[in-house]
Amino acid sequence: MRGFLIDSDYVKGGEFPHARLFVKRGKEVITCIDPNFRPYFYVIADRPSRVAKAISKLEVEKGGKTVRARSVEVVKRALLGKEIQAIKVTFDHPNDVAPLRHEIGDFHEVQGIYEFDIPLERRYLIDHGLVPMSGIEIRGEPQDGKIIVREAPAHVEVPEPELNVMSFDIEVYNPTGNPRPEKDPIIMISLADNRGLRKVLTWKDFGLNLDYVEVVKDEREMLCRFIQLVEKRDVDVLLGYNTDLFDFPYIRERAGKLGVKLKLGRDGSEISVKKRRFATVTRIPGRVHIDLYAAVNFLATIGAIKLINYTLENVYKHVTGKKKPDVEFSDFCEAWEGGGEKAKRLLEYSMSDADATLELGLEFLPLLFELSRTVKQSLFDISRMTSGQLVEWLLIYEAHKRGELVPPRPVGGEYLERRKDTYVGAYVMEPVRGLHENLVVFDFRSLYPSIIVTHNIDPSTLNCSCCKPEEATEVPGLPHRFCAKKRGFIPAILERLITDRAKLKGEMKKLDEGSREYRSIYNRQWALKIIANSFYGMLGYPRARWYSKKCAESVTSFGRRYIKDTIEMARREGFEVVYSDTDSLYCKLNGKTREDALRFLDRVNEAMPGVIELELEDFYKRGIFVSKKRYAVIDDRNKILVKGLEFVRRDWATIAKKTQEAVLEAILRDGSPEKAARIVRSVTKSIIEGKVDLEDLVIYTQLKKSIGDYLSIGPHVAVAKRLREMGRVVEPGMLVAYVVVKGSGSVSDRAVPVEELRGKDYDAGYYIGHQVLPAVMRIMEVLGYGEDDLRYGRAKQTKLGKFI
DNA sequence: CCGATT
DNA sequence: AACGGCTAATCGG
């Protein structure tokens, strides 16, 4: 049978552990059971054949049963590029692994045990070279509506079938502001799918006659109907927003109370809510549950989106440009109890949550599919991974293909040791402060990946023994050399990602940007880019399996060398370099032409080794440089690009950011510092007169740890304390919103939670002196303005005259 | 005022 | 559960 592999897992329970594959063929999803896959690990020991013999004789008592290895063999493998003999120990049952591992670990000849911590569902995909969200060929026999796999399945190409995608969301009766699953019922479940279903399930009839509302008897019936609809619509991918942390755990607790079995699985099995160390995740056998909040978080960490907070409303607005209806949480109970217009709004809101989740999901799924295919791990796992984990799982797959053993993760003290061992990063030039005209910006294309590939940077090629000192590549300023003869593991894989991406970008150019094919190739190259860009970070990450501080610091050292050399070359050619950070440089044309800039680019690239390449980023007609990491430029189409200024930060009040933005526009677009000064004076005036919207005064700061762990009580910590006293749930990671009000004491003493503002006056002096003026002064100062020129009512005509 | 914390 | 560099506000002795 050939089909499309949408999900897989490994069932450990019972006597017959087996891998399970869910394969879509036409409109049907077929469950395939593979009982032939066994857990194993590798042992590295001094005298391999002797130790192998001892392991094969080893017996351990566990739970009244005698546990022993199923088979033991000595095999050839490589450890960081070096050939070694390893002992492969295979087991009958996953439960046998741990007791035997501990026993074997105690052998004094044993140096290490490898790959014991690779989850079996992942191991299965890796060992068979399978590609999730792609084709699979299976040979086996049908049995009870399933297929029992007889031969190892293989990856094949098949066309992508239409998948059934559904989104859902719950609303909870919520009188205290903190939903309590033991008391507060779920009052609505909304659903939407990619074949036109739109529905809100609820158990109170408001007599509103809305076509998308289905009224059932009670909460219990509602949960049953939800399960029934998932089954009936034959859902392949179930989308939610924050469903790992909120909806599913809540549903599970309510279902437990009401005696409902959450049989959402394809085979009628129940969902499993797994508590991980830092998160909770919900798996639905045979269907892929995707929590889009995790996906959005991922896009935020790689810098693809940047928002103040990542609520569904905000993300939806940012991605689609559309606003979705909003309801105050305090209105929930009133709506539920009172009915009428408020109930109608709540139903609309509930529906819009599912609609927005579906739309977002359909937007992000193609990228997640490509990441899954590239890394070769399941969509479910991929959608919850960080970029470092994506790289690591791709490396584990590639290591297996080459017979390389996977390095272990650091344990205990080793992690702490690694973390202490810091190293020097990128070069950042002190900018030439002020306003500059006619800029050209160059940057190195994927500088760090290019360095790794060009200089063969890998733990196995570091200070190799095969090259003479003059043959190997010397790292500038560091006592490290990299092999010039044997290709390293990491550079080889990274090089393939980069060349594959270059090919895809070539194909994209031939296609119409609106076409389906273009979107597909775009997402494929984007997945490759995301992963390629994460290799360097992984090398420097103390928890990574392929961590190597020496490799990481070599990358940054080469980076500093190339950017500094380029700055020197630009200066010698007569360009004035006004700023540079890591891989980019901002030059003043200084009377030279754009053609001169292109010729300079060619000369730099002639001097660059390997795949390292400087590119022309753009020309800018004007730019203002404030300090390191803080600047703004305007291009030929009058588009302003702002970096690092308060404008893009959430820990500043909107009023400060808006004013700064207006000031930047006045300076860059209109070339008028006078206009900028007028804007600031008018804003300070309206602050003093109390005319500013409260929402423009809110400052957001994330609580990074538990209140008790803070040594210094900043405004957001003081507010968090107050929220806790009010009975609100306060936990690390929450975004604290506050306003500074009039009164005495420190800023923290006067910081008030947004929901407690009624009847209090904001502190105009604080917002002028500590928000608007500092944000704006950073810009105005470099133009020669002083604070007194900008405060309302205190403008000095003399100094202003200079600019008029 | 200034180093530490965020 | 990706890196380091960097600015700046506020606390608190």
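Before any of the text, the structure's been laid out above.
Before going into details, it helps to say that this report is about the structure given with it. Values in this document were obtained by computation on a predicted structure and should not be read as measured data. (Residues numbered from 1 in each chain as written. Chains lettered and ligands numbered in written order. Predicted model: local features only at pLDDT ≥ 70, side-chain atom pairs only at ≥ 80, totals over all residues. Heavy atoms only, no water.)

### A closer look at the overall build of chain A
Stage number 1. Helices and strands together make up the secondary structure of chain A, namely 24 helices and 32 strands.
Stage number 2. For chain A, whose C-alpha radius of gyration is 30 Å, the value lies close to the compact-globule estimate of 28 Å for 804 residues.
Stage number 3. Dimensions of chain A, computed from the C-alpha atoms along their principal axes, are close to 95 × 85 × 55 Å.
Stage number 4. Out of the 804 residues in chain A, the part that is buried amounts to 53%.
Stage number 5. Per element, the accessible surface of chain A, about 37,300 Å² overall, is 47% carbon and sulfur. (Helix = DSSP H or I, 4+ residues; strand = E, 2+ residues; numbered from the N terminus. Rg over C-alpha atoms; globule rule 2.2 N^0.38 Å. Buried < 20%, exposed > 50% of the residue type's maximum accessible area, 1.4 Å probe, protein only. Areas by Shrake-Rupley, 256 points an atom, 1.4 Å probe, with all protein chains shown as cover.)

### Considerations on the layout of surface pockets
Stage number 1. Computed from the structure, the second largest pocket encloses a volume of approximately 1,200 Å³.
Stage number 2. As for the second largest pocket, its lining consists of 35 residues, and the residues nearest its centre are Glu160, Phe369, Glu370, Arg373 and Ser520.
Stage number 3. Ranked by residues supplied to the lining of the second largest pocket, first place goes to helix H9 (residues 340-375) with 8 residues.
Stage number 4. Residue classes in the lining of the second largest pocket are distributed as 15 nonpolar, 6 polar and 14 charged. (1 Å grid on protein atoms, 1.4 Å probe; cavity = no way out; pocket = protein on both sides within 12 Å on 5 of 7 lines; lining within 4 Å. Points joined across faces, edges and corners; volume = space filled by probe spheres on them. Nonpolar A, V, L, I, M, F, W, Y, C, P; charged D, E, K, R; others polar.)

### Examining the protein's contact with DNA strand B
Stage number 1. Close contacts around DNA strand B come from Lys705, Tyr710, Leu711, Ser712 and His716, and that covers them all.
Stage number 2. The separation between a phosphate oxygen of DNA strand B and a polar side-chain atom of lysine 705 is 3.3 Å.
Stage number 3. The separation between a phosphate oxygen of DNA strand B and a polar main-chain atom of leucine 711 is 3.0 Å.
Stage number 4. Taken together, the residues of the surface near DNA strand B sort by class into 2 nonpolar, 2 polar and 1 charged. (Near = heavy atom within 4 Å. Polar contact = N/O pair within 3.5 Å; in protein donor to acceptor, adjacent residues only side chain to side chain.)

### Describing the environment of valine 432
Stage number 1. For valine 432, the location among the structural elements is in the loop between helix H12 (413-420) and strand S22 (434-444).
Stage number 2. Residue classification places valine 432 among the partly exposed positions, given a relative accessible area of 31%.
Stage number 3. Along the backbone, valine 432 and lysine 628 are 196 residues apart, and their C-alpha atoms lie at a distance of 9.6 Å.
Stage number 4. With residues near it in sequence (within four places) discarded, valine 432 still touches Glu576, Val577, Val578 and Phe625. (Contact = heavy atoms within 4.5 Å.)

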